[in-house]
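Residue-level structure breakdown
Residues per chain, in single letters:
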Amino acid sequence: MSSLHNPSMAASQKLYLALFHVLLLSLFPLKAKSSARAQAEALLQWKSTLSFSPPPLSSWSRSNLNNLCEWTAVSCSSTSRTVSQINLRSLNITGTLAHFNFTPFTDLTRFDIQSNNVNGAIPSAIGSLSKLTHLDLSVNLFEGSIPVEISQLTELQYLSLYSNNLNGIIPFQLANLPKVRHLDLGANYLENPDWSKFSMPSLEYLSFFLNELTAEFPHFITNCRNLTFLDLSLNKFTGQIPELVYTNLGKLEALNLYNNLFQGPLSSNISKLSNLKNISLQNNLLSGQIPESIGSISGLQIFELFSNSFQGNIPSSIGQLKHLEKLDLRMNALNSTIPPELGLCTNLTYLALADNQLSGELPLSLSNLSKIADMGLSENSLSGEISPTLISNWTELISLQVQNNLFSGNIPPEIGKLTMLQYLFLYNNSFSGSIPRR
Ligand SMILES: *[C@@H]1O[C@H](CO)[C@@H](O)[C@H](O)[C@H]1NC(C)=O
Ligand SMILES: *[C@@H]1O[C@H](CO)[C@@H](O)[C@H](O)[C@H]1NC(C)=O
Ligand SMILES: *[C@@H]1O[C@H](CO)[C@@H](O)[C@H](O)[C@H]1NC(C)=O
Ligand SMILES: *[C@@H]1O[C@H](CO)[C@@H](O)[C@H](O)[C@H]1NC(C)=O
Ligand SMILES: *[C@@H]1O[C@H](CO)[C@@H](O)[C@H](O)[C@H]1NC(C)=O
Ligand SMILES: *[C@@H]1O[C@H](CO)[C@@H](O)[C@H](O)[C@H]1NC(C)=O
Ligand SMILES: *[C@@H]1O[C@H](CO)[C@@H](O)[C@H](O)[C@H]1NC(C)=O
Ligand SMILES: *[C@@H]1O[C@H](CO)[C@@H](O)[C@H](O)[C@H]1NC(C)=O
Ligand SMILES: *[C@@H]1O[C@H](CO)[C@@H](O)[C@H](O)[C@H]1NC(C)=O
């Protein structure tokens, strides 16, 4: 006979189960209560160390100790009733994290103190927040180096330390973070790690913008096939842009490599980055031709190559870029004519071709650029007349700079009707006639 069929045994088992239940029910809330209490105490203790504690944190008070989940900037998990999120953005908090006791926050998934005045070091104890998925310490005054303990936060998906005063070498152990999609270390004073130890294939957003990085293009980036945003600008990166950037990073929407020491050509394989909206490569040492294939990146809105050594022609395929708003090819060695197809880029508001070796006349098709606000053509060898047809359709024009060219003929009187115009530079050409009046 099995115990289930013995009525007295079954009854005593039921009693046991019931007792066990009561025990469980009373233990759990107790534990939650005590850890919630410890968390409230930790927040109060930290608040007392701040040199400016913002008025919205008045709910953080000893008299309100039992209502932790109703405190401003705090969210609780509905099951455990302990703190799951701390969101303290833009509260003008002034102080440090040195006395923040992270230990009780075992359920914390989000810690966001973006845009405050928090200074001092990022405490290594932050590495104990084992459930953290979102850590945003950006736009503060943190100094010192990035604590290696951040690499213990293996659940992390979002890490921003953007715009602080962090220095030292980026810990290569960050590459141990298997789930990070968003990594922003921009606007600090960080130095090169051993890049060969990096591998973060889950990245979708990566910025090392404005640091003190001096290496060749870090190879690991070419394996981040889910990247949509890449910014290495304002560092001292050297060497060529690897071919694997073009062949592997097909999801990229922004490629920002400006103000570095990159050299060599722009590969015709750039057309494989068919989702690009912004390309900003200005202020490098790039050379060769602008690839004709650029015209197939149909969503391109911003294309900036100024201050490099590109030569040859402006590809006529640029006319296929219907979304193009800003084209900046200044300060290169382009020596073609201006392709008439440019007049098809009717969304252009900013066209900068100054300081090249362009020749020939302004194509009449440019009259279709009816949104153009800034037209910079100075320091070239452009010639012929500036047609009244062009000017009369450029009603949004704020700046027209054609100085230091070989233009001739009358200055079109229509210029006087451009009500937005603020900057007009015509000097050192062969214009005749009188200056138009408003
Ligand atoms: C911000 O904090 C500083 C102290 O660091 C304080 O002097 C200032 O009044 C605060 N500003 C606002 C708008 O609360
Ligand atoms: C890349 O994104 C896809 C689609 O979201 C996802 O399935 C894949 O796991 C991601 N790859 C990595 C390495 O995270
Ligand atoms: C492209 O640049 C514009 C202007 O700087 C910006 O507003 C936009 O967010 C950028 N797009 C991407 C995908 O980075
Ligand atoms: C473009 O990529 C292909 C492979 O996808 C490669 O065979 C070719 O050499 C690349 N082009 C250049 C200019 O490197
Ligand atoms: C433009 O420059 C390239 C390379 O320097 C040269 O081969 C070509 O002949 C030049 N074209 C014109 C029209 O001057
Ligand atoms: C042109 O630019 C405007 C404003 O930036 C935008 O709303 C519109 O979608 C653009 N049109 C095209 C074809 O890109
Ligand atoms: C302006 O664009 C229209 C429509 O695409 C076209 O028919 C016309 O020829 C263009 N104007 C000039 C001067 O090219
Ligand atoms: C002036 O621009 C409009 C678009 O706003 C276009 O339809 C028209 O054809 C242009 N005029 C000339 C002469 O190109
Ligand atoms: C005037 O423009 C021509 C043609 O661009 C240029 O070669 C010359 O240096 C300019 N003169 C002065 C004084 O800037």
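Preceding this section is the structure that the text describes.
This structure is a prediction, so every number in the text was calculated from the model and none was measured.

1. Some thoughts on the state of the cysteines
Linking two cysteines covalently through their sulfur atoms gives a disulfide. For the structure shown, the criterion picks out one disulfide. Here Cys69 is linked by a disulfide to Cys76, with a sulfur-sulfur distance of 2.1 Å. The chirality of the disulfide connecting Cys69 with Cys76 is left-handed, given an S-S dihedral of about -90°. This pair shows no difference in class: Cys69 is buried, exactly as Cys76 is.

2. Thoughts on the site of ligand 3
Lining the immediate environment of ligand 3, one finds Phe229, Glu253, Ala254, Asn278 and Ile302. The contact in question runs from an oxygen atom of ligand 3 to an N or O atom on the side chain of Asn278, over 2.2 Å. Against a free-state accessible area of 360 Å², the protein chains account for coverage of 43% of ligand 3. Looking at side-chain class alone, the shell around ligand 3 contains three nonpolar, one polar and one charged residues.

3. Details of the packing of aromatic side chains
Note on aromatic pairs: each is described by the distance of the centres and the angle between the planes. Inspection of every chain in the model, using the stated rule, returns 16 aromatic pairs. A cation over a ring is seen here: Lys197 above Phe172, with NZ or CZ 4.4 Å from the ring centre. Taking the ring centre of Tyr350 as reference, the NZ or CZ of Lys326 above it sits at 4.9 Å.

4. Some words on the sheet that holds strand 5 (residues 117-120)
Pairing is parallel in the open sheet, where five strands are placed in the order 3-5-7-9-11. Two strands lie at the open edges of the sheet, namely strand 3 (94-96) and strand 11 (189-191), each paired on one side alone. Neighbouring strand axes in the sheet, compared pairwise and without regard to direction, differ in orientation by 20° on average. Pairing between strand 3 and strand 5: three bridges, direction parallel. Of the residues in strand 5, the one forming a bridge with Thr96 is Asn119.

5. Points about the environment of Asn211
Within the secondary structure, Asn211 is located in the loop between strand 12 (205-207) and strand 13 (229-231). Look at Asn211 and you get buried, because its relative accessible area is 8%. For Asn211 and Asp136, which are 75 residues apart along the polypeptide, the C-alpha to C-alpha distance reads 18 Å. Each residue touching Asn211, except ones within four places of it in the same chain, is listed here: Leu185, Gly186, Ala187, Asn188, Tyr189, Leu190, Leu234 and Asn235. Among the polar contacts listed, one links the side chain of Asn211 to the backbone nitrogen of Tyr189, at a separation of 3.4 Å.

6. Points about the pattern of salt bridges
Taken as a whole and assessed by the stated rule, the structure comprises ten salt bridges. For Asp107, the salt bridge is made with Lys131, and the minimal N-O distance between the two is 3.0 Å. Placement of Asp107 in the loop between strand 3 and strand 4 (110-112) and of Lys131 in the loop between strand 5 and strand 6 (134-136) is noted, with a sequence separation of 24 residues between them. Residues Lys326 and Glu304 are paired through a salt bridge, measuring 3.1 Å at the closest nitrogen-oxygen approach. Here Lys326 is found in strand 21 (residues 326-328), whereas its partner Glu304 is found in strand 19 (residues 302-304), with 22 residues between them in sequence. A single network of salt bridges, built from pairs that share partners, joins Arg89, Arg110, Asp112 and Asp136.

7. Some remarks on the site of ligand 6
Taken together, Lys322, His323, Glu325, Asn347 and Lys371 make up the full set of residues near ligand 6. Here His323 contributes a side-chain N or O atom positioned 2.4 Å from an oxygen atom of ligand 6. Note that an oxygen atom of ligand 6 is positioned 2.4 Å from one of the side-chain N or O atoms of Asn347. Compared with its free state, where it exposes 360 Å², ligand 6 has 41% of that area covered by protein. Along the lines of polarity and charge, the residues of the shell around ligand 6 split into no nonpolar, two polar and three charged.

Parameters and conventions
Residues numbered from 1 in each chain as written. Chains lettered and ligands numbered in written order. Predicted model: local features only at pLDDT ≥ 70, side-chain atom pairs only at ≥ 80, totals over all residues. Heavy atoms only, no water. Disulfide = S-S within 2.5 Å. Buried < 20%, exposed > 50% of the residue type's maximum accessible area, 1.4 Å probe, protein only. Near = heavy atom within 4 Å. Polar contact = N/O pair within 3.5 Å; in protein donor to acceptor, adjacent residues only side chain to side chain. Areas by Shrake-Rupley, 256 points an atom, 1.4 Å probe, with all protein chains shown as cover. Nonpolar A, V, L, I, M, F, W, Y, C, P; charged D, E, K, R; others polar. Phe/Tyr/Trp six-rings, centres within 6.5 Å; stacked < 30°, edge-to-face > 60°. Lys NZ or Arg CZ within 6 Å of the ring centre and 35° of its normal. Pairing = 2+ DSSP bridges. Helix = DSSP H or I, 4+ residues; strand = E, 2+ residues; numbered from the N terminus. Axes fitted to C-alpha atoms, helices over the stretch in contact; angles between N-to-C directions. Contact = heavy atoms within 4.5 Å. Salt bridge = Lys/Arg side-chain N within 4 Å of Asp/Glu carboxyl O.

The values are spatial; any link to function lies outside them.
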